[in-house]
Amino acid sequence: MRASLIQIAVDPDEPVDARRTRVGRLVREESGRADLVVLPELWPMGAFAYESFAAEAEPLNGPTHRAMAAAARDAGVWLHAGSFVEAEGGALYNTSLVLSPDGELAASYRKIHRFGFDKGEAVMMAAGEDLVTVDLPHLTVGVGTCYDLRFPELFRGLVDAGAQAFVVPAGWPARRRAHWSLLARARAVENQAYVLACGTAGTHAGVEQAGHSIVVDPWGETLAEAGPDEEILRAVLDPAKVTTTREQFPALKDRVLGVATPKRG
Ligand SMILES: O=C(O)CCC(=O)C(=O)O
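Residues numbered from 1 in each chain as written. Predicted model: local features only at pLDDT ≥ 70, side-chain atom pairs only at ≥ 80, totals over all residues. Heavy atoms only, no water.

Turning our attention to the overall build of the protein chain. Helix and strand counts for the protein chain stand at seven helices and 14 strands. Its C-alpha atoms give the protein chain principal-axis dimensions of about 50 × 50 × 35 Å. Residues classed as buried in the protein chain amount to 56% of the 265 residues present. Once local pairs closer than 6 in sequence are excluded, the contacts in the protein chain between residues at least 24 apart make up 66%. Taken as a whole, the protein chain presents about 11500 Å² of accessible surface, with 52% of it coming from carbon and sulfur. For the protein chain, the separation between the mean place of its 27 positive charges and that of its 35 negative charges on side chains is 4 Å. (Helix = DSSP H or I, 4+ residues; strand = E, 2+ residues; numbered from the N terminus. Buried < 20%, exposed > 50% of the residue type's maximum accessible area, 1.4 Å probe, protein only. Contact = heavy atoms within 4.5 Å. Areas by Shrake-Rupley, 256 points an atom, 1.4 Å probe, with all protein chains shown as cover. Lys, Arg positive; Asp, Glu negative; His and termini not counted. Charge placed at Lys NZ, Arg CZ, Asp CG, Glu CD.)

In structure tokens, the structure reads:
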């Protein structure tokens, strides 16, 4: 399976509509080169552009969804369309979409762990509650978003739901780039799964983005890693490698469930 991660530079001088059009073109240009294309978190306005969240919020089937469905269909690819600010029932969510090669919505995921502690996304958005996996041809993919990468139990839950690969769109800051690469590899090693982590480049809302999108195989080897700037990162995944890694080094079978529950005396 050929994957392309489109590490968009989010530049506040580029209007959201123009970025949508540009990203649609980049997706279409992957036609024939990729089976799966991945975009980053909140690329329409940037993950730290809190002041535009409300103004740019859209429902499902809004402009970002429609533009990306058309791009997936034209390119004939599976598209993890990164995330957008979803408005639903008076709440905002950080929602990512997976679109099939005919442009149909295969899955949507609302980010469970909201970033910002007592500000930003953590107070402006509601949390998702559901783990999401999608069956692609030959590969079951679990989805997480950015800050989720710090919470291994989410990814273990996705493995229990059948995930063999994780797709993680992000808007990770450059200041914590070392954590990003380390956590991506850790999630791959401990779950014996592919990790496709797609970040943004550029600087928006005063936050320099890490870039350095990364594809890690189930043994923890980095298959491809981007630089700091806008870039398309390509890698070839072999679904059989998940099976062989899990068979040859069957650590997942040695889990002792319940061991982490504190005992009270
Ligand atoms: O955990 C981090 O360091 C970055 C998380 C983040 O930027 C996000 O979830 O939007």
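Read on for the rest.
By volume, the largest pocket is sized at about 160 Å³. Across the lining of the largest pocket, the residue classes tally to seven nonpolar, two polar and four charged. (1 Å grid on protein atoms, 1.4 Å probe; cavity = no way out; pocket = protein on both sides within 12 Å on 5 of 7 lines; lining within 4 Å. Points joined across faces, edges and corners; volume = space filled by probe spheres on them. Nonpolar A, V, L, I, M, F, W, Y, C, P; charged D, E, K, R; others polar.)

This brings us to the environment of A67. Turning to its location among the elements, A67 is positioned in helix α3 (residues 63–75). For the pair A67 and D17, spaced 50 residues apart in the sequence, the C-alpha separation amounts to 10.0 Å.

Let's shift gears to the packing of helix α1 (residues 16–29) against α3. Contact pair α1 / α3: the axes reach a minimum separation of 8 Å and the direction vectors enclose 20°. Between α1 and α3, the angle is such that the two are roughly parallel. Of the two possible hands of crossing, α1 and α3 adopt the one that is right-handed. Across the interface between the two elements, R20, V23, G24, V27 and R28 of α1 pack against P63, T64, A67, M68, A70, A71, A72, D74 and A75 of α3. Residue composition of the contact of α1 with α3, by class: nine nonpolar, two polar and three charged. (Axes fitted to C-alpha atoms, helices over the stretch in contact; angles between N-to-C directions. Parallel < 35°, antiparallel > 145°, perpendicular 65-115°, else oblique. Left-handed = near helix turned anticlockwise from the far one by under 90°.)

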